[in-house]
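Residues per chain, in single letters:
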Amino acid sequence: MIRAPWRLVPRTLPSPRMRVLAPMMAVALTVIFGCIVFASLGLSPLAAMKVFLIEPISTINGVSELLLKASPMCLIALGLAVGYRANVWNIGGEGQMYVGGIFASGLAIYFHERGGVWLLPAMVVAGAIGGALWASIPAVLKTRCHANEILVSLMLTYVADLLVKYLVYGPWQDPAANNFPLTVAFSDNAQFPMFAAFAGDWLEGTRVNVSLIITLVALPVAWLFMQRTFAGYQLTVAGLAPSAARYAGFSGPAAIWMALLIGGAAAGVAGVMEVAGPLGQLNDRWTPGYGFTAIIVATLGRLHPFGIALASLLMALVYLGGEAVQISLQLPKAISLVFQGLLLMLLLGCDVLVNYRLERRRPAATAAVEIK
Amino acid sequence: MSETPTLLSLSGIIKRYPGVVACDGVSLEVKAGEIHAVLGENGAGKSTLMKVIYGVTQPDAGTLTWKGEQLTIPNPKAARALGVGMVFQHFSLFDSITVVENVAVALPGRVDLKELSKRISEVSERYGLDVNPWRPVHDLSMGERQRVEITRCLLQSPKLLIMDEPTSVLTPQAVDQLFETLRQLRDEGTAILYISHKLDEILKLCDRATILRDGKVVTETLPREETEATLAQKMIGRKFPECRRRDDHTEGAIVFEVAGLSLEADTPFGTSLKNISMRVHAGEILGIAGISGNGQSELLDALAGERTINDKNAIQLNGIAVGQLNPLQRRVLGLTYVPEDRLGSGAVASMSLTHNALLTAHRRGMVRTGLVNFRAARDYAGRCIREFQVKAPGTEALARNLSGGNLQKFILGREIAQEPKVLILAQPTWGVDIAAAAAIRQAVIDLAARGVAVLVISEELSEIFEICDRIAVMAGGRLASPRPVSETNAAEIGLLMSGMFEGAAGQATPAAVSAVPA
C-alpha cells in the first residue's frame with residue numbers, strides 16, 4: 001500500500017475567521033494560477049490579467065453588463081443557499097431557470113401586442129411558478145421515494161433544455177424567423193424597461209434594466225428569512241442537526257419542500273430576467289449556465305446573502321473577462337470556464353484546510369512493530 | 001504482592017488536545033497478577049491514558065516502560081504483539097457475521113475457521129465464558145458480545161488486559177460472572193487494568209486503585225481500606241452529593257398511559273416493541289431499567305412522537321390519544337422529553353444557547369408572526385442557565401462548548417421551564433459528572449413533587465433505585481410490569497433484565513413468541 005508522508009487530521013474547532021477568509025484566499029490563488037495559465041500561453045500575465053479583470057469594468061457600460069450578469073446569478077444563488085443551509089442540494093437551478101423562462105415566454109407570446117402593464121408582473125409570477133413547479137419534481141421524489149435530489153434535479157435540467165428546444169423549434173417558433181429557433185421578439189410591455197430609458201444621458205447605451213431591483217429586494221429578504229424567521233431557523237436546524245429537527249418535531253418533508261420551492265422560484269424569476277431582459281425572446285441557447293454558476297456563487301458566498309452578492313459580482317466579472325480576452329487576446333472564451341473551475345477547486349481545497357490540518361506521518365507508524 | 005515485578009510503568013505521561021490537557025503528568029505502575037483500578041469521573045483522563053497504553057494515541061511527553069524496558073507503542077498492533085489486550089466500552093464486532101468470523105477478521109493472513117472455532121471454545125470454556133463460535137453476533141446479548149471480545153483478547157494470551165467501563169452494558173448477574181473470569185485471570189498472573197467510575201465494583205474487585213482527577217493522579221490507594229464515601233471524596237475532591245428523597249407520595253391521577261403498544265423495528269438490528277403497557281401517575285417517577293438495545297430507543301421514538309404508530313389510542317396523554325401526533329403537537333399537550341443524545345438531538349452543537357432555547361421552547365413567546373423574538377429566546381435561555389446553575393459564559397455560548405453535565409442541565413432546564421405535565425428522560429446522567437448528575441436527579445425529584453409525571457429510562461440501576469417510585473424493566477422489546485421500589489431489589493431487577501418475566505411468553509402474540517431467541 002502506498003502511504004503519503006502527510007495525512008489530514010480533522011481540526012476540533014475550525015476557526016470561524018478562516019471560514020470567511022477561505023473564499024478570499026481562493027480568489028487570490030485563482031489570480032495567481034490564472035497568471036500561470038496566461039504565462040504558459042505566452043502572454044504577459046499582468047497585461048492579460050488587466051484585460052481579464054479590470055478593463056471589462058472600466059466603463060459605465062462595462063459596469064452595466066456586470067450587473068446584468070450578476071443579478072440573475074445572485075438571485076438563483078440566494079434561492080439555492082436557502083436549500084443548501086437545510087442540506088437540500090438542489091443542483092438543478094439551471095433547469096428551473098429554463099422552465100421559469102418558458103412560463104414567462106408563454107404569457108408574452110400569448111398576449112403578444114395586446115397585453116397591458118400587468119403583463120410583465122404576471123410573467124414574473126409565472127416564472128416563479130414555473131421554476132417552483134420544476135423543483136417540486138425532485139421534492140415529490142425525495143419525500144415520497146427517498147430519491148436523491150442532487151441526481152433528480154440535475155437530470156431534470158437536461159429535460160428542461162430539451163423542452164426549450166422543442167418549443168422554439170416547434171409550436172413557439174416565430175414564423176418570420178427563417179427557421180431559426182427563436183420565438184417572436186416580445187412586445188415592450190413584456191420586457192423589463194432599461195434604466196437608460198429614463199435615467200438620463202450618462203447611462204446611454206447600457207442594457208441594465210429594472211429587473212435588478214428584484215435582486216436588490218431579494219437580498220435583504222433572503223437575509224431576513226435566514227436569520228430572523230422561524231421557518232428559516234427550522235431549515236437551518238434541519239441542515240445542521242437533522243436528528244435535533246426530528247426531536248423538536250420540525251417536519252422533514254416540509255423542510256425539503258420549502259427548500260426546493262424557494263430555490264426553484266428564485267431560479268424561475270432569474271429566467272424571466274433573461275428572456276424579458278437582454279434577450280427579449282426565447283431561443284434555444286440563451287443561457288451561459290447561470291444556474292450552474294450560481295452553485296459556485298452560493299458556495300463562494302458562504303451561503304450568506306452578503307457573500308453571495310459579492311460572489312455573483314466576481315463570477316459575472318469572470319464571464320466578462322472571458323469575453324474580453326477573446327476579443328483582445330484571441331483566446332478561447334472557454335477561459336472563463338477554466339477560471340470558474342479553478343476558483344471552485346481552490347475554494348474546496350481551502351475549505352479542506354480550514355476543516356483539517358496536515359500532519360506529517362510519524363515514521364514509527366509506517367514501520368512494522370517496533371519492540372526492543 | 002509487593003515483590004512481584006512491575007509489568008508496565010508509565011511516568012509523567014502528558015497528552016494535550018486542543019483546549020484541554022487530557023493527561024497531565026500521569027504516572028502509573030501495574031504489576032503482574034493484580035487487578036488495578038483506574039478511577040475517575042468522565043473527562044478525568046482515564047480513556048486517554050488507556051489509548052496511550054494501547055498505542056491508539058501517542059503521548060506528548062513521558063515514558064512507558066514494559067518489563068523494565070523503555071519503548072514506544074506506535075499502534076494497537078504493536079501493543080497486541082507485546083501482550084496488551086483491550087476490551088473497549090463500545091464493542092467492535094460486525095453484527096451480520098458469526099463469532100468465529102469476527103475473530104478471524106482481526107487476525108492476519110488466511111485463517112482456518114474450524115481450527116479457530118475449536119480454540120475459541122477451549123479458551124472460553126476455560127474461563128467460564130460460554131461462547132458459541134458459530135452464532136451470528138446479532139443474535140447475542142450485550143453480555144455475550146462482551147464475552148466474545150474478552151475471548152478474542154484471551155486468544156492472544158495477554159499479559160495485560162485493559163477493560164474500559166466493562167459493566168455499563170451488563171446485568172448484575174452478568175457482572176458477577178465477569179468478575180469471576182477476571183479473578184481467575186488474575187490468579188493465573190495476568191495483570192488487569194480496570195477502568196470505571198462505579199465505586200462498588202472497584203471495592204469488590206480491585207487490588208489497587210489509581211485515582212485520576214482533571215488529568216492528574218490524585219492518589220494511589222488500596223480499595224480494601226476504603227469505603228464508597230472515601231473513594232468518592234478522593235475522586236471528585238469533595239463530599240459525595242446526595243439527593244433529598246421525598247416521603248412516600250400519594251398516588252395522583254393517571255397522566256400518561258401506554259396500552260398494548262407494538263411497533264416493528266425500523267432498522268435491521270433494531271428491537272421491535274411487543275405489547276408494551278404502562279401507566280404514569282401525576283407526581284410519580286417511573287423508572288425503566290434495562291440494558292440499552294432492548295427496545296429503549298424504539299420506545300422513546302414512539303413515546304416522543306419521532307415515530308408515529310398506527311393505533312393512536314395506544315398512547316394517551318391526559319386521556320387524549322396522541323399516538324399519531326408529532327413531537328411538536330405532543331409538546332403542546334404537555335409532554336416534554338430529554339433525549340439520550342444531547343449534542344445532536346437535544347441541542348444543535350454549533351448553535352448558541354439562545355438558538356437552542358428556540359428548538360423546543362419557541363411557543364413561549366419567542367415567535368411572533370413568523371419572526372423570531374430573539375430577546376425572548378435570550379431571556380428564556382438566561383433563565384435556564386440561572387435556575388439550573390449551568391456553567392456557561394452566557395446565552396451566546398455555543399452548545400458544543402459546554403461540558404456534558406452543563407449541557408444536560410441546560411436541556412433539562414429548557415424542558416422543565418415549559419411546565420410539562422409529563423417529562424420523559426433518557427439516560428439523564430450518562431457521561432455527566434457526579435455533581436451535575438446529583439443536581440439533575442434532584443431537579444427530577446423536585447419536579448415530580450410538584451405533580452408532574454416523570455418517566456426515566458436509564459441503564460444505571462443505582463440511579464433508577466435512587467430516584468424512582470416504581471421500576472419496570474425492559475428486555476427484548478417487552479416491558480415487565482412495574483413494581484414499587486420498596487418491594488424489589490437489584491437481584492430481582494437483574495433477572496428481569498435478562499428477559500425472564502411472565503409477560504415474556506404468556507401475554508405476547510404468537511408471532512412475537514417465535515421471534516424470541518430460544
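What counts and what doesn't
Residues numbered from 1 in each chain as written. Chains lettered and ligands numbered in written order. Predicted model: local features only at pLDDT ≥ 70, side-chain atom pairs only at ≥ 80, totals over all residues. Heavy atoms only, no water. Helix = DSSP H or I, 4+ residues; strand = E, 2+ residues; numbered from the N terminus. Rg over C-alpha atoms; globule rule 2.2 N^0.38 Å. Buried < 20%, exposed > 50% of the residue type's maximum accessible area, 1.4 Å probe, protein only. Contact = heavy atoms within 4.5 Å. Areas by Shrake-Rupley, 256 points an atom, 1.4 Å probe, with all protein chains shown as cover. Lys, Arg positive; Asp, Glu negative; His and termini not counted. Charge placed at Lys NZ, Arg CZ, Asp CG, Glu CD. Patch = residues over 30% accessible without salt bridge, like charges linked within 9 Å, V, L, I, M, F, W, Y side chains within 5 Å. Salt bridge = Lys/Arg side-chain N within 4 Å of Asp/Glu carboxyl O. Domains from an automatic or database assignment. Buried area = accessible area lost by both parts, 1.4 Å probe. Polar contact = N/O pair within 3.5 Å; in protein donor to acceptor, adjacent residues only side chain to side chain. Nonpolar A, V, L, I, M, F, W, Y, C, P; charged D, E, K, R; others polar. 1 Å grid on protein atoms, 1.4 Å probe; cavity = no way out; pocket = protein on both sides within 12 Å on 5 of 7 lines; lining within 4 Å. Points joined across faces, edges and corners; volume = space filled by probe spheres on them. Pairing = 2+ DSSP bridges. Core = buried A, V, L, I, M, F, W, Y, C linked by side-chain atoms within 4.5 Å.

Below, the discussion takes up the overall build of chain A. The helix and strand inventory of chain A stands at 14 helices and two strands. For 372 residues, the compact-globule estimate of 2.2 N^0.38 gives 21 Å, and chain A sits close to it at 23 Å. Across its three principal directions, the C-alpha atoms of chain A cover 95 × 60 × 40 Å. Burial statistics for chain A: of 372 residues in total, 50% are counted as buried. Considering only intrachain contacts with a sequence separation of at least 6, the fraction spanning at least 24 residues in chain A is 77%. Of the roughly 17,400 Å² that chain A leaves accessible, carbon and sulfur atoms contribute 69%. In chain A, the 23 positive side-chain charges and the 16 negative ones have mean positions that sit 20 Å from each other.

The subject of this paragraph is a negative patch on the surface. Residues and elements named next belong to chain B. On the surface, Asp112, Glu115, Glu122, Glu125 and Asp130 cluster together to form a negatively charged patch. Within the fold, glutamate 125 resides in helix α4 (residues 113-126). When its relative accessible area of 66% is taken as the criterion, glutamate 125 is described as exposed.

This next bit is on the domain arrangement of chain B. All names here are of chain B. Taken domain by domain, chain B holds domain 1 (6-236), domain 2 (242-334 + 421-518) and domain 3 (346-419). Of the roughly 1,100 Å² buried where domain 2 meets domain 3, counting both sides, 71% is carbon and sulfur surface. Residue glutamate 415 is joined to arginine 331 by a salt bridge in which the shortest nitrogen-to-oxygen separation is 3.9 Å. For the pair domain 2 and domain 3, the number of links is one residue pair in polar contact (both at pLDDT 80 or more). Elements with a minimum of two residues in the side of domain 2 that touches domain 3: α10 (327-332), β19 (422-426) and α14 (434-449). Counting residues per element, the side of domain 2 that touches domain 3 draws most heavily on α14, at six residues. Considered class by class, the residues forming the side of domain 2 that touches domain 3 number 12 nonpolar, one polar and four charged.

All names here are of chain B. When you line up the elements, threonine 267 lands in the loop between β11 (254-263) and β12 (273-281). Using a relative accessible area of 43% as the deciding quantity, one classes threonine 267 as partly exposed. Separated by 128 residues in the primary sequence, threonine 267 and threonine 395 place their C-alpha atoms 38 Å from one another.

Attention now goes to the interface of chain A and chain B. Residue-level contacts link 25 residues of chain A with 40 residues of chain B. Buried area between chain A and chain B, both sides added, is near 2,600 Å², and the carbon and sulfur share of it is 63%. In this structure, the connection of chain A to chain B is made through 12 residue pairs in polar contact (both at pLDDT 80 or more). When contributions to the side of chain A that touches chain B are tallied by element, the ones reaching two or more residues are α7 (211-228), α8 (230-240), α9 (242-248) and α14 (363-366) of chain A. Partitioning the side of chain A that touches chain B into residue classes produces 14 nonpolar, six polar and five charged.

What follows concerns empty space enclosed by the protein. Under the definition given, this model contains three cavities of 30 Å³ or more. Considering only enclosed or pocket space, the largest cavity measures out at about 80 Å³ in volume. Looking at the largest cavity, the residues that line it are B:Gly128, B:Leu129, B:Gly143, B:Gln146, B:Arg147, B:Ile150, B:Leu170, B:Ala174, B:Gln177, B:Leu178 and B:Thr181. Of all elements in the fold, only α5 (142-154) and α6 (172-187) of chain B reach the threshold of two or more residues within the lining of the largest cavity. Split into classes, the residues belonging to the lining of the largest cavity amount to five nonpolar, five polar and one charged. If you trace the second largest cavity, you find it lined by A:Leu67, A:Leu68, A:Ser71, A:Pro72, A:Val208, A:Asn209, A:Ser211, A:Leu212, A:Met273, A:Glu274 and A:Pro278. At the level of secondary structure, the elements contributing two or more residues to the lining of the second largest cavity comprise α3 (60-85), α7 and α10 (252-279) of chain A. In terms of residue class, the lining of the second largest cavity is made up of seven nonpolar, three polar and one charged.

In this section: the environment of A:Met273. Residues and elements named next belong to chain A. Tracing the chain through its elements places methionine 273 in helix α10. On the basis of relative accessible area, methionine 273 is assigned to the buried category, the value being 2%. Spatially, the C-alpha atoms of methionine 273 and leucine 303 are 22 Å apart, while their sequence positions differ by 30 residues. Contact partners of methionine 273, with chain neighbours within four places excluded, come to Ser71, Pro72, Leu75, Phe192, Ser211, Ile214, Thr215 and Pro278.

On to the pairing of strand β21 (residues 470-475) of chain B. Residues and elements named next belong to chain B. A large share of β21 lies buried, amounting to six of its six residues. The two faces of β21 match: Arg470, Ala472 and Met474 on one face and Ile471, Val473 and Ala475 on the other face are all buried. In this sheet, β21 lies alongside strand β13 (residues 285-289) in parallel orientation, the contact comprising four bridges. Within the sheet, the bridge partner assigned to alanine 289 lies in β21 and is valine 473. Taken together, the two bridges between β21 and strand β23 (residues 483-484) define a ladder with antiparallel strand orientation. Directly across from isoleucine 471, in β23, lies its bridge partner arginine 483. The hairpin formed by β21 and strand β22 (residues 478-479) contains two residues between the paired strands, and glycine 476 there has a positive phi angle of roughly 55°.

Let us look at the nonpolar core. Of all hydrophobic cores here, the largest spans 232 residues; its most connected members are A:Met123, B:Leu182, B:Phe256, B:Leu261, B:Met278 and B:Leu299. For B:Leu182, the contacting residues outside a window of four places in its chain are B:Ile35, B:Leu161, B:Met163, B:Ile192, B:Tyr194 and B:Leu205. Counting residues in hydrophobic clusters, the runner-up holds 30 residues, among them B:Leu7, B:Cys23, B:Ile73 and B:Val84.

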